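# Architecture and fold: a report
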Number of protein chains: 2
Amino acid sequence: MDSRICDMLGIDFPLLAFSHCRDVVAEVSKAGGFGVLGAAGLSTEQLETELSWIDDHVGGKPYGLDLIVPNKFAGKGEELSEDAVLAALPQEHKDFVAGLLQSRDVDLVGVDDATRREMLGFNRNITPEGTKAMLDVAFSHPIRLIANALGIPPQPMIEMGKAKGVAVAALVGAKSHALRQMQAGVDILIAAGGEAGGHCGSVSTMVLVPEICEAVAAQNGPPVLAAGGIVTGRQMAACMAMGAAGAWTGSVWLTTAEAETNPVVKQKMLAAGSSDTVRARSRTGKPSRQLRTPWTDAWEAEGAPEPLAMPLQSLISEPALKRIDKLSEGGHKGAQELATYWVGQGVGLMNESLTARQVVQAFREDFVTAYERLAKAVGA
Amino acid sequence: MDSRICDMLGIDFPLLAFSHCRDVVAEVSKAGGFGVLGAAGLSTEQLETELSWIDDHVGGKPYGLDLIVPNKFAGKGEELSEDAVLAALPQEHKDFVAGLLQSRDVDLVGVDDATRREMLGFNRNITPEGTKAMLDVAFSHPIRLIANALGIPPQPMIEMGKAKGVAVAALVGAKSHALRQMQAGVDILIAAGGEAGGHCGSVSTMVLVPEICEAVAAQNGPPVLAAGGIVTGRQMAACMAMGAAGAWTGSVWLTTAEAETNPVVKQKMLAAGSSDTVRARSRTGKPSRQLRTPWTDAWEAEGAPEPLAMPLQSLISEPALKRIDKLSEGGHKGAQELATYWVGQGVGLMNESLTARQVVQAFREDFVTAYERLAKAVGA
């Protein structure tokens, strides 16, 4: 396919697949798309393992990597002690979570400071030193793209990208962010609409994509990928008609055969409609879109505690959600009710579990059908 | 253009333009699109005047009409006395509005029960008898489409449409609503995403359009128009690539030369970005998307009164907003700050005031450019 992204990344179909699952990454790349490993939360050792596995299984096809390095941490050097962070967690929030779990007979195993201390280990990765160590591992592998999911990529990421010829990408949810990222020197902008799973803004894909494409093109800027709600080839074609160079997708891979999604959540996603998500601060402290369940409902209800700032809220939510996942996979009814995960509104169009390769193929066919539909409309 | 909507409505470009301004309706139809007069709030006499004017100025081109007949009122026969309705308005809400206006030195002329009684006159139009009188006027003119903006059209509308060969259309914000409307017998579905101005759901256009098109096509249902955020031809092309038969637009006409939009609000819209809208219950009691201003901010702030149910909230908001509009047009600074109107996120792409005819032409050209962009991508 003729697209700047295809030239830049050495692929023939400009479908980028974000996944925490290395199998999905390798399969998408082998099928002619471009897999991107979501590596947030991995240690440098784990990252080395995952990338080596992909190198061994991707058949020489190009792939990429996605990290989360919030500006807030990057380069500021401020560092609270673990004790100080843990002491900052309000009892109200801990009690709320305990009450919610107990209301569904879910025990509190691991919902404690020991688990939170482990999680704080991840936060060390997003200090300047931790970031540098992750980047050193990343750039020792033949990655073709490195993305930052939250805010402007740290300067070392941009510099190493330029030095190694690796495209640096960044997600943006507003035109002003896109212009700032462009000035910071990113090679690919990902315009992510408010219907996206995970962290997202409030402007929809249908508006944000043409808005950013126009603003960026006016300054001869980098190619723009469209994201947010895209789970089919017709939506990808729609975004490319509006000026996007391709699509960045995440949710659609969560229900693939390869995905390591909690099987209970996978089934919920296959059954969910497009209205069954909620954009809420209750998971990370920033607005992120998730599958709506009694867990998210409880946080949205009147009288629920106000979510804390990032990264504190995750220290409240993640240990509980980890326990919920664990018990729900074992058949615990109450845990199954509560179980949730990040997903976009496109979940309403995800009704069948396919292999990652089949999804890429379905995108290709649906893209062509969409093009033909438009060609017929204009009488071409 | 090849589209079921073109055949059904006798037009050559499937761009439908909802406007309260008869000039816009006539101009769009004369330019090959299809103007739809928003007639909510008109008396039967006013409706007769407006439609006669359009008949005289549309040059024989087809046009349509949009009414608001909520199910809640249609056919239920319940009728509170005006006194009872006015007595049901909480003092807290009246005081809040008075305080907000006074904070900007806006006086309270007309913000009273006399104005509210006039507004209740409109509510009489949406009783079964009032609806029938409006329909009798409507069907005595050569309309080609009649739409209901909120819920399932009342049975008389559907029956008269069938008898007179006038297409009956309905706006929907969720798949389940689309299926119910289809069973009720509507001829055209309008899938309106959450980025739309005015009343809207929460699912975005990028997801809702393919979701509804797929569900409706599976049952050989009526054609689907896409709505929500669409202010350019590239977005219209995007929606048609996803299966829509055309586009239903509203916001983009508010800044045209012909539109009777408050000039202060028109300038705000031309300057606004896509993030400058808010979906809130504070205007009508149901979620509707509006230009964000200190008026909407005040209603969203902590401690603001909870908006009342429809139609009570309008009796609180409209008299005040009418006064704000009046004074803002006269140059009153405080009123200019507060002034707002319904508009979708597409406002971020509305940066230039054109005539309605120029907007239609811009849509046509941009549509073709979008098609060519896609053709180039697939190598056609």
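Residues numbered from 1 in each chain as written. Chains lettered and ligands numbered in written order. Predicted model: local features only at pLDDT ≥ 70, side-chain atom pairs only at ≥ 80, totals over all residues. Heavy atoms only, no water.

If you look chain A up in an unreviewed UniProt entry, it shows as Nitronate monooxygenase from Marinibaculum pumilum.

## Considering the overall build of chain A
Our working definition: Every helix listed is a DSSP run of H or I at least four residues long, and every strand listed is a run of E at least two residues long, numbered separately from the N terminus. The quantity called the radius of gyration is restricted to C-alpha atoms. Its globule counterpart is 2.2 Å times the number of residues to the power 0.38. The contact rule is simple, with two residues in contact once any of their heavy atoms fall within 4.5 Å. Calculation of accessible area relied on Shrake-Rupley with a 1.4 Å probe; when residues are assessed, cover is drawn exclusively from the protein chains displayed. Asp and Glu are treated as the negative residues and Lys and Arg as the positive ones, with His and the ends of the chain left uncounted. A charged residue contributes its charge at one atom only: NZ of Lys, CZ of Arg, CG of Asp or CD of Glu.
What chain A contains, in helices and strands, is 16 helices and 11 strands. Taken against the 2.2 N^0.38 rule, which gives 21 Å for 380 residues, the C-alpha radius of gyration of chain A at 20 Å falls within 12% of a compact globule. Projected onto its principal axes, the C-alpha positions of chain A cover 65 × 45 × 40 Å. In chain A, 68% of the contacts between residues at least 6 apart in sequence involve partners at least 24 apart. As displayed, chain A has an accessible area near 14,300 Å², and 51% of this comes from carbon and sulfur atoms. If the 34 positive side-chain charges of chain A are averaged to one point and the 44 negative ones to another, these points end up 3 Å apart.

## Considering the pairing of strand β9 (residues 246-249) of chain A
Side chains on a regular strand alternate between the two faces of the sheet. All names here are of chain A. Quick reminder of the rule: The cut-offs for exposure are 20% and 50% of the maximum accessible area for each residue type, with area from a 1.4 Å probe on protein chains only; residues under the lower value are buried, those over the upper are exposed, and the others partly exposed. By definition, two strands form a pair when at least two bridges between them are found by DSSP. Whether a crossover is right-handed comes down to one check: with the strands pointing away from the viewer, does the path from the first strand over the helix to the second run clockwise; if it does, it is right-handed.
Burial along β9 is two-sided: the residues Gly246 and Trp248 and Ala247 and Thr249 are all buried. Pairing geometry for strand β1 (residues 15-19) and β9, over 3 bridges, is parallel. Within β9, the residue paired with Leu15 across the bridge is Ala247. Two strands pair when backbone bridges link them, and strand β8 (residues 224-227) and β9 are joined in this way by 2 bridges, in the parallel orientation. Opposite Ala226, over in β9, you have Ala247 as the bridge partner. Each parallel crossover has a hand, and for β8 linked through helix α11 (residues 233-241) to β9 it is right-handed.

## Focus: helix α9 (residues 175-184) of chain B
Residues and elements named next belong to chain B. Here is the rule: Note: the arc covers the axis-to-C-beta directions of the helix.
Every buried residue belonging to α9 is among Ala178, Gln181 and Met182, and all of these are buried. The buried residues of α9 all sit within an arc of 105° when viewed along its axis, so they share a single face. Buried residues belonging to α9 abut β5 (167-172), β6 (188-192) and α10 (205-217).

## Brief notes about the packing of aromatic side chains
Worth spelling out the cut-off: Two aromatic rings from Phe, Tyr or Trp, using only the six-membered ring of Trp, form a pair when their centres are within 6.5 Å; if the ring planes differ by under 30 degrees the pair is stacked, by over 60 it is edge-to-face, and anything between is tilted. Should the NZ of a Lys or the CZ of an Arg lie within 6 Å of a ring centre and within 35 degrees of the ring normal, that charge is described as sitting over the ring.
One pass over the full model with this rule turns up 11 aromatic pairs over all chains. Taken together, a centroid distance of 6.3 Å and an interplanar angle of 35° make the contact between Phe18 of chain A and Trp248 of chain A tilted. Residue Phe18 of chain A is located in strand β1, and its partner Trp248 of chain A is located in strand β9; the two are separated by 230 residues in the primary sequence. Measuring from centroid to centroid gives 5.9 Å for Tyr371 of chain A and Tyr371 of chain B, while their planes differ by 10°, and the two rings are stacked. One end of the pair, Tyr371 of chain A, is in helix α16 (residues 356-378); the other, Tyr371 of chain B, is in helix α16 (residues 356-378), on a second chain. A connected cluster of aromatic rings, assembled from ring pairs, spans Phe96, Trp295 and Trp299 of chain A. One cation-aromatic arrangement involves Arg283 of chain A over Trp342 of chain A; the distance from NZ or CZ to the ring centre is 4.1 Å.

## Quick word on the state of the cysteines
Residue and element names in this part refer to chain B. Selection rule: Disulfides are defined as pairs of cysteine sulfur atoms found within 2.5 Å of each other.
Taken as a whole and judged by the stated rule, the model has 0 disulfides over all chains. Summary of cysteine pairing: Cys6 is not part of a disulfide, and the nearest cysteine sulfur, belonging to Cys213, is at 15 Å. Owing to a relative accessible area of 4%, Cys6 belongs among the buried residues under this scheme. Among the cysteines around Cys213, which has no disulfide bond, Cys239 carries the closest sulfur, lying 8.5 Å off.

## Here we look at the relation of the copies chain A and chain B
The line we're drawing: Overlaid copies result from least-squares superposition on C-alpha atoms, with residues included only where pLDDT is at least 70 in both.
Its rotation angle being 180°, the transformation that places chain A on chain B also includes 0.0 Å of axial translation and leaves an RMSD of 0.0 Å. Both chain copies can therefore be described as sitting about a two-fold axis. When C-alpha positions in chain A are compared against the rotation axis, the closest is assigned to Ala238 of chain A, at 2.0 Å. Comparing contact sets, 100% of the residues at the interface of chain A also lie at the interface in chain B, consistent with an isologous, same-surface contact.

## Focus on the sheet that holds strand β10 (residues 277-280) of chain B
Residue and element names in this part refer to chain B. On the basis of which strands lie adjacent, the open sheet formed by 3 strands has the order β7-β11-β10 and antiparallel pairing. Of all strands in the sheet, those with a lone pairing partner are β7 (198-199) and β10, marking the two edges. Where β10 and strand β11 (residues 288-291) come together, 4 bridges link them in antiparallel fashion. Considered in β11, the bridge of Ala280 is made with Ser288.

## A few points about the packing of helix α5 (residues 91-103) of chain A against helix α14 (residues 312-329) of chain A
Residue and element names in this part refer to chain A. Let me state the cut-off plainly: Geometry is summarised by axes, namely lines fitted to C-alpha atoms with helices restricted to the contacting stretch, and by angles between N-to-C directions that run from 0 to 180 degrees. Under this scheme an angle from 65 to 115 degrees is roughly perpendicular, one under 35 degrees roughly parallel, and one over 145 degrees roughly antiparallel; angles in between are oblique. The crossing is said to be left-handed when, going from far helix to near helix, the turn is anticlockwise and less than a right angle, and right-handed when the turn is clockwise. Note on residue categories: nonpolar means Ala, Val, Leu, Ile, Met, Phe, Trp, Tyr, Cys or Pro, charged means Asp, Glu, Lys or Arg, and polar means any other residue, Gly included.
The contact between α5 and α14 brings their axes to 10 Å, and the two run at 15°. Our classification of the angle between α5 and α14 gives roughly parallel. Read as a crossing pair, α5 and α14 show a hand that is right-handed. On the side of α5, the interface is formed by His93, Lys94, Val97 and Leu101, while α14 contributes Gln313, Ile316, Ala320 and Ile324. Of the residues that constitute the contact of α5 with α14, the class distribution is 5 nonpolar, 2 polar and 1 charged.

## Considering the environment of Pro154 of chain A
Mapped onto the fold, Pro154 of chain A is located in the loop between β4 (145-148) and α8 (155-164). Considering only alpha carbons, one finds Pro154 of chain A and Lys132 of chain A, 22 residues apart in sequence, at a separation of 9.6 Å.

## Notes on the pairing of β6 of chain B
All names here are of chain B. Taken across its 5 residues, β6 has 5 buried, putting it largely inside the fold. Alternating residues of β6 divide into Ile188, Ile190 and Ala192 and Leu189 and Ala191, and every residue in both groups is buried. Note that β5 and β6 share 4 bridges and pair parallel. Paired with Leu171 across the bridge in β6 is Ile190.

## Digging into the interface of chain A and chain B
Interface size is commonly expressed as the accessible area that is lost once the parts come together. Where we set the bar: Note on terms: buried area is the combined drop in 1.4 Å-probe accessible area of two parts once they are placed together, counting the loss on both. What makes a salt bridge here is a side-chain nitrogen of Lys or Arg within 4 Å of a carboxyl oxygen of Asp or Glu, nothing more. Distance and chemistry together define a polar contact, namely a pair of N or O atoms within 3.5 Å, with one atom able to donate a hydrogen and the other to accept it when in protein, and with adjacent residues in sequence counting only for side-chain atoms on both sides.
Contacts between the two partners involve 40 residues from chain A and, on the opposite side, 40 residues from chain B. Buried area between chain A and chain B, both sides added, is near 3,600 Å², and the carbon and sulfur share of it is 63%. Of all residues in chain A, Met206, Tyr371 and Leu374 of chain A give up the largest surface area on contact with chain B, accounting jointly for 19% of the area buried on that side. Joining chain A to chain B, the criterion identifies 2 salt bridges. On the surface where chain A and chain B come into contact, there are 17 residue pairs in polar contact (both at pLDDT 80 or more). At the level of secondary structure, the elements contributing two or more residues to the side of chain A that touches chain B comprise α10 (205-217), α11 and α16 of chain A.

## What to know about the domain arrangement of chain A
Residues and elements named next belong to chain A. Our working definition: Domain ranges listed in this record stem from an automatic or a database domain assignment.
What the domain assignment reports for chain A is domain 1 (1-77 + 127-254 + 353-380) and domain 2 (90-122 + 261-349). Taken over C-alpha atoms, the centre of domain 1 sits 26 Å from the centre of domain 2. Contacts between domain 1 and domain 2 engage 22 residues on the former and 21 residues on the latter. With both sides pooled, the region where domain 1 packs onto domain 2 buries about 1,600 Å², and carbon together with sulfur makes up 63% of that total. If you look at where domain 1 meets domain 2, you find 0 salt bridges.

## Focus: the pattern of salt bridges
Applying the stated rule across the entire model yields 30 salt bridges over all chains. For the salt bridge of Glu337 of chain A with Arg104 of chain A, the shortest nitrogen-to-oxygen distance reads 2.8 Å. One end of the pair, Glu337 of chain A, is in helix α15 (residues 333-338); the other, Arg104 of chain A, is in the loop between α5 and α6 (113-125), and 233 residues separate them in sequence. Overall, the relative accessible area of 24% leaves Arg104 of chain A in the partly exposed class. With its nearest N and O atoms 3.0 Å apart, the salt bridge here joins Lys132 of chain B to Asp136 of chain B. In this pair, Lys132 of chain B and Asp136 of chain B both sit in helix α7 (residues 128-139), 4 residues apart, roughly one turn of the helix.

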